[in-house]
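Okay, here's what each chain looks like letter by letter:
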Amino acid sequence: MPESKTRKSVEKKKSKKATEPKPTPTRRVRPPSSRRWVPPTFITVGLLGVAWLIVYYVAGQNIPVMSELGNWNILIGMGGLAAAFVIATLWR
C-alpha cells in the first residue's frame, strides 16, 4: 500500500531532529540584587551640580576660585548633572 507524502515528510523531520545536536542552555547572569547607594548618590551629585551653577551665576565673581575658572564653571556644573544622569541609569 502506498504511503502519503505527509507521512514521509513527518518521518524526515523526526530523523533530522534526532541527528542534530541539542543546543546547550545558556546560563543567565543575575545582576546585583540591591544597589541602595545609587539613589542617594545621584541625588547628591545632581544637587551639587545645580548648586555649583547657582553659586556661579549669583556670586561667582566674588569667589576667588570661581572667578579664575571663568566659563569652565558651566562645564563643571553640567558635568555634575551628566554624572548624576549616568549614575541614575544604574538604578534597578
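Placed above this text is the structure.
Counting of residues starts from 1 at the beginning of each chain's written sequence and follows it residue by residue. In keeping with the model being predicted, local features are shown solely for residues with a pLDDT of at least 70 and side-chain atom pairs are shown and tallied solely at 80 or more, while totals for entire chains, interfaces and linings include all residues. To obtain the side-chain values, all non-hydrogen atoms of the structure were used and water was disregarded.

**Q** Can you help me understand the packing of aromatic side chains in this one?
**A** Geometry of an aromatic ring pair is reported as the spacing of the ring centres plus the angle between the planes. The criterion for an aromatic pair is that two Phe, Tyr or Trp rings (for Trp, the six-membered ring) have centres within 6.5 Å, with stacked assigned to planes under 30 degrees apart, edge-to-face to planes over 60 apart and tilted to the rest. One pass over the structure, following the stated rule, counts two aromatic pairs. Arranged with centres 5.8 Å apart and planes meeting at 50°, the rings of Phe42 and Trp91 form a pair that is tilted. Of this pair, Phe42 sits in helix 2 (residues 38–59) while Trp91 sits in the segment after helix 4 (72–88); the two residues are 49 residues apart in sequence, bridging distant segments of the chain. Both rings, one in Tyr56 and one in Tyr57, keep their centres 5.3 Å apart while their planes meet at 55°; by these two values the pair is tilted. The secondary structure listing takes helices from DSSP runs of H or I that are at least 4 residues long and strands from runs of E that are at least 2 residues long, numbered from the N terminus.

**Q** Just to check I follow, could you spell out the packing of helix 2 against helix 4 for this structure?
**A** Helix-helix packing: each pair is described by the crossing angle between the helix axes and the interaxial distance. Where helix 2 meets helix 4, the axes come as close as 8 Å, and the angle between the chain directions of the two elements is 165°. Relative to helix 4, the element helix 2 is oriented roughly antiparallel. Between helix 2 and helix 4 lies a crossing of left-handed hand. Residue-level inspection shows Val38, Thr41, Phe42, Val45, Gly46, Gly49, Val50, Trp52, Leu53, Tyr56 and Tyr57 of helix 2 in contact with helix 4, the latter providing Asn73, Ile74, Ile76, Gly77, Met78, Gly80, Leu81, Ala83, Ala84, Ile87 and Ala88. The convention used is that axes are lines fitted to C-alpha atoms, helices contributing only their stretch in contact, and that angles between N-to-C directions extend from 0 to 180 degrees. If an angle is under 35 degrees, it is roughly parallel; if it is over 145, roughly antiparallel; if it lies from 65 to 115, roughly perpendicular; otherwise it is oblique. The handedness criterion is simple: a crossing whose near helix is rotated anticlockwise from the far helix by less than a right angle is left-handed, and one whose near helix is rotated clockwise is right-handed. Contact definition: two residues touch when any of their heavy atoms are within 4.5 Å.

These figures come from the coordinates and say nothing about function on their own.
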